[in-house]
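A structural walkthrough
Given next are the chains, with one letter for each unit.
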Amino acid sequence: MYTILSDYLTANQILMLGMLATFALTFLMLRHPFPFLPSDQGRAFAVNGSLSKGKLRGVGFTFVLCFLAGSFLFLPVDREYVIYAILLFAMMLSGYLDDAASTPWNEYKKGLIDLVISIVAVATFMNFNSTTVLIGPAELVIPGAVYLVLGVILFWVSVNVTNCTDGVDGLCASLSSVTMLSFAVLFSSVLGKYAMADFLFVAVLFAYLYFNTSPSTMLMGDAGSRALGFYIAVVALKSQHPFVYLLLAAVMLADGGIGLVKVFLKRYLKISILKNTRTPLHDHVRKNLGWSDSQVVTRFVILQAALAAVAFCLI
């Protein structure tokens, strides 16, 4: 369809049409959700976790499908993009199956799935692109084996910290939108169609946020958060500035990453750190600092936008 539209419209006009169409499709699909989507059971360990009980869960299944539909209709896709789309669907599906399971999947099962999908994604990238990364004006050529390991780590971290951030109405979608828009604006000339895809995904997330702002009526679940983390990692690699992910996703890294580090050190090294700090951090600031859900989202988004401005100054 992109080829047909390009005969009559500019690339920017196609993108705007795609954003409007994808937003509308997502809104309608969420307004009339699939009947097989599960209901949330609540989480006793999370601050205000019981409030989510009974809400529609796993709607990431819906908005990822809408994003993929918009991509194939309004973007000039190639073989590399198709492979990423398949892997994005696989990551979303693994999250949805976990959302719908009567007993949540254990971390080893999800970790194995993450590992396989991540290896295929990085191998795909290396097949179509060089392993040269940019750090400011400097170029660094990374050996293939090292790049593969670092790329898999990037995917694992991105998937898991994005997943951990999904604990406050509107937080994960809002932070992911800021991160994707930052990559699109900073590296539009390098990203090409992936910058356009960023805007389509943000349009999808805006439609979702209509229903997910506090107090929400539906939740993206692992189907959405894991897929978002995967997609952000793809964009980070395609930007040729993967280390800038540390700034452009810094709030998600802090929010979810500290908890992952605490668990790892406690479980495998028997080391306890930050004993008086709840994780994710969004639980800590709500319980110990008295922040409301809206304050958490607004303040975290402002902080992430400020860090994106810092990244702009450094590049």
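As a further point, take the packing of aromatic side chains. Counted under the stated rule, the structure contains 20 aromatic pairs. Geometrically, the ring pair formed by Phe 27 and Tyr 210 is edge-to-face, given 5.0 Å between the ring centres and 70° between the ring planes. Of this pair, Phe 27 sits in helix H2 (residues 11-31) while Tyr 210 is found in helix H9 (residues 193-212), placing the two residues 183 residues apart along the sequence. In this structure Phe 27 comes out as partly exposed when scored by relative accessible area, which is 22%. Exposure remark for Tyr 210: the relative accessible area of 57% places this residue in the exposed category. Ring centres of Trp 291 and Phe 300 lie 6.2 Å apart, and the angle between their planes is 75°; this geometry places the pair in the edge-to-face category. Residue Phe 300 is classed as buried on the basis of its relative accessible area, which comes to 9%. Site record: aromatic cluster; members linked through ring pairs are Phe 23, Phe 27, Tyr 210 and Phe 211. Here the guanidinium or amino end of Lys 109 rests over the ring plane of Trp 105, the centre of that ring lying 4.0 Å away. Over the aromatic face of Trp 291 sits the side chain of Arg 299, whose NZ or CZ is 4.7 Å from the ring centroid.

Moving on: the packing of helix H7 (residues 171-186) against H9. Look at H7 against H9: their axes get within 9 Å of each other, and the N-to-C directions meet at 160°. On the basis of their axis angle, the class for H7 and H9 is roughly antiparallel. Helix-helix and strand crossings are classified by hand; for H7 and H9 the assignment is left-handed. Touching Ala 173, Ser 174, Ser 176, Ser 177, Met 180, Leu 181, Phe 183 and Ala 184 of H7 are Ala 195, Asp 198, Phe 199, Phe 201, Val 202, Leu 205, Phe 206, Tyr 208 and Leu 209, all from H9. Taken together, the residues that form the contact of H7 with H9 break down as 13 nonpolar, 3 polar and 1 charged.

What counts and what doesn't
- Residues numbered from 1 in each chain as written.
- Predicted model: local features only at pLDDT ≥ 70, side-chain atom pairs only at ≥ 80, totals over all residues.
- Heavy atoms only, no water.
- Phe/Tyr/Trp six-rings, centres within 6.5 Å; stacked < 30°, edge-to-face > 60°.
- Helix = DSSP H or I, 4+ residues; strand = E, 2+ residues; numbered from the N terminus.
- Buried < 20%, exposed > 50% of the residue type's maximum accessible area, 1.4 Å probe, protein only.
- Lys NZ or Arg CZ within 6 Å of the ring centre and 35° of its normal.
- Axes fitted to C-alpha atoms, helices over the stretch in contact; angles between N-to-C directions.
- Parallel < 35°, antiparallel > 145°, perpendicular 65-115°, else oblique.
- Left-handed = near helix turned anticlockwise from the far one by under 90°.
- Contact = heavy atoms within 4.5 Å.
- Nonpolar A, V, L, I, M, F, W, Y, C, P; charged D, E, K, R; others polar.

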